[in-house]
Amino acid sequence: MTLNIQQISPVLGAIATGADLASGITDETFEGLHQAWLEHDGVLVVRGQALSHEQHIEFSRRFGDLDHHVVTQFVPEKYPELYRVSNKPGEGGKYLGNPQAGNHWHTDNSYLDPPAKASLLYAAEVPPVGGDTLFASMYRAYETLSPALRKVLDRLEAEHHFENALSNFSTFKATDRQIDATPPVRHPMVTVHPDTGRKSLYVNPGFTTRIVGMNADESEAILRFLFSHATQPQFIYQHRWQAHDLVIWDNRCTMHYAVQNFYGVGTRDLYRTTVKGDAKAA
Ligand code: SIN
């Protein structure tokens, strides 16, 4: 099988065919996928994969150590590395996964220190229409700001807090233990990608609560502007899922948003692994 990579949108993303992840891939094929992921600004769709949970986890580990999601309610038994995103009803009609996961623009685990490097979301079942995932390029968001604003942002830090997404975007309630395990953290508002050397804007509506050192009005106005700047249509790729897609995204240079228009349309059942980021140099 020969690996084939094709760009899927003008701004970010590529689709890979010719790799059968279930049967194991060579280091050379992995390098081809990894390079394509970096070159296409952090979104790679690997189509037509029939993956068991074990194979999904094993392939994900090629990107680094895997995180265990703080919201254990949606972690499948025996697979602490997975997080289930699903509107499939289980016993008593309760959803088997979190159907609301990602119902707002966010970057996975920006509320942790270090924050996540990558996420690998595998579609077991998708509705006939709806439930697309949007990806925004945070490279592009940064690069299209004026030099004057970039210079200011380059020196600032922002606070990120898990609870922010729960209070603003979710009907799901976390336990006190989960909240205590995720205190607010600070990250630079502009980060340099360790592999590409490019700068990206690192704030997101899901978890970023404030700009450190500013008063509340200033911080809110600037964040509101940055969120709306970063989510302009020309910076976005909209992924229309097919069953057995594995989509790999780079949380260091993208945000994403799961469109919640699939209720009553069909089952959307996906599993995500999250790759831990590198610790900051001391
Ligand atoms: C997520 O944010 O991890 C879920 C994205 C999706 O369901 O499309």
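Preceding this section is the structure that the text describes.
Residues numbered from 1 in each chain as written. Predicted model: local features only at pLDDT ≥ 70, side-chain atom pairs only at ≥ 80, totals over all residues. Heavy atoms only, no water.

This part takes up the environment of G102. Within the fold, G102 resides in the loop between β4 (83–86) and β5 (118–125). Since its relative accessible area comes to 13%, G102 is described here as buried. Each C-alpha atom of the pair G102 and N164 lies 13 Å from the other, and the pair is 62 residues apart in sequence. Apart from residues no more than four positions distant in its own chain, G102 is found in contact with Y257 and A258. (Helix = DSSP H or I, 4+ residues; strand = E, 2+ residues; numbered from the N terminus. Buried < 20%, exposed > 50% of the residue type's maximum accessible area, 1.4 Å probe, protein only. Contact = heavy atoms within 4.5 Å.)

This part takes up the site of the ligand. Near the ligand, the surroundings consist of V85, A101, G102, H106, D108, L121, T133, H256, A258, R268 and R272. Residue H106 places a side-chain N or O atom 3.0 Å away from an oxygen atom belonging to the ligand. Between the ligand and T133 there is a distance of 2.5 Å, counted from an oxygen atom to a side-chain nitrogen or oxygen. Its residues assigned to classes, the shell around the ligand comprises four nonpolar, four polar and three charged. (Near = heavy atom within 4 Å. Polar contact = N/O pair within 3.5 Å; in protein donor to acceptor, adjacent residues only side chain to side chain. Nonpolar A, V, L, I, M, F, W, Y, C, P; charged D, E, K, R; others polar.)

With 15 residues, helix α7 (residues 216–230) should cover 21 Å at 1.5 Å per step; its first-to-last C-alpha distance of 21 Å lies within 8% of that length. Turning to α7, its buried residues are S219, L223, L226, F227, H229 and A230. The buried side chains of α7 occupy one side of the element, clustering within an arc of 160° when seen end-on. Those residues of α7 that are exposed and aimed more than 90 degrees away from the buried face are D217 and R224. (Expected span 1.5 Å × (residues − 1). Arc of directions from axis to C-beta.)

The next point concerns the side chain of T182. Inspection of the secondary structure puts T182 in the loop between α6 (176–180) and β8 (185–188). We classify T182 as buried; its relative accessible area is 2%.

Turning next to the sheet that holds strand β2 (residues 14–17). An order of β1-β2-β3-β13-β5-β15-β4 is seen for the seven strands of this open sheet, with the pairing classed as mixed. Each having just a single partner strand, β1 (4–7) and β4 make up the two edges of the open sheet. Neighbour to neighbour, the strand axes of the sheet diverge by 20° on average, direction disregarded. Here strand β3 (residues 43–46) pairs with strand β13 (residues 246–250) via four bridges, running antiparallel. (Pairing = 2+ DSSP bridges. Axes fitted to C-alpha atoms, helices over the stretch in contact; angles between N-to-C directions.)

With respect to topology, three strands assemble into an open sheet ordered β8-β7-β11, the strand pairing being antiparallel. On the outer flanks of this sheet lie β8 and β11 (208–211), each paired with one strand and no other. Ignoring strand direction, the axes of neighbouring strands in this sheet form an average angle of 35°. Where strand β7 (residues 157–160) and β8 come together, four bridges link them in antiparallel fashion. Pairing of E159 across the sheet is with R186, part of β8.

Position of D250 relative to the elements: it lies in strand β13. Only 2.8 Å separates the side chain of D250 from the side chain of R252, close enough to count as a polar contact.

The subject of this paragraph is unusual backbone geometry. With omega at 0°, the peptide bond leading from D113 into P114 counts as cis. Take P114: it is sitting in the loop between β4 and β5. We note that K78 has phi near 75°; this positive angle belongs to a residue other than glycine. Relative to the elements of secondary structure, K78 occurs in the loop between α2 (53–60) and β4. On the basis of relative accessible area, K78 is assigned to the exposed category, the value being 75%.

Looking now at the pattern of salt bridges. Within this structure, the stated rule accounts for 14 salt bridges. Residue R47 pairs with D245 through a salt bridge whose shortest N-O separation is 2.8 Å. Of this pair, R47 sits in the loop between β3 and α2 while D245 sits in the loop between β12 (236–239) and β13; the two residues are 198 residues apart in sequence, bridging distant segments of the chain. Among the residues examined, R47 registers a relative accessible area of 25% and is labelled partly exposed. The exposure class assigned to D245 is buried, which follows from its relative accessible area of 0%. Residue R210 is joined to E159 by a salt bridge in which the shortest nitrogen-to-oxygen separation is 3.1 Å. Residue R210 is found in strand β11, and its partner E159 is found in strand β7; the two are separated by 51 residues along the sequence. (Salt bridge = Lys/Arg side-chain N within 4 Å of Asp/Glu carboxyl O.)

Any link to function would need more than the numbers given here.
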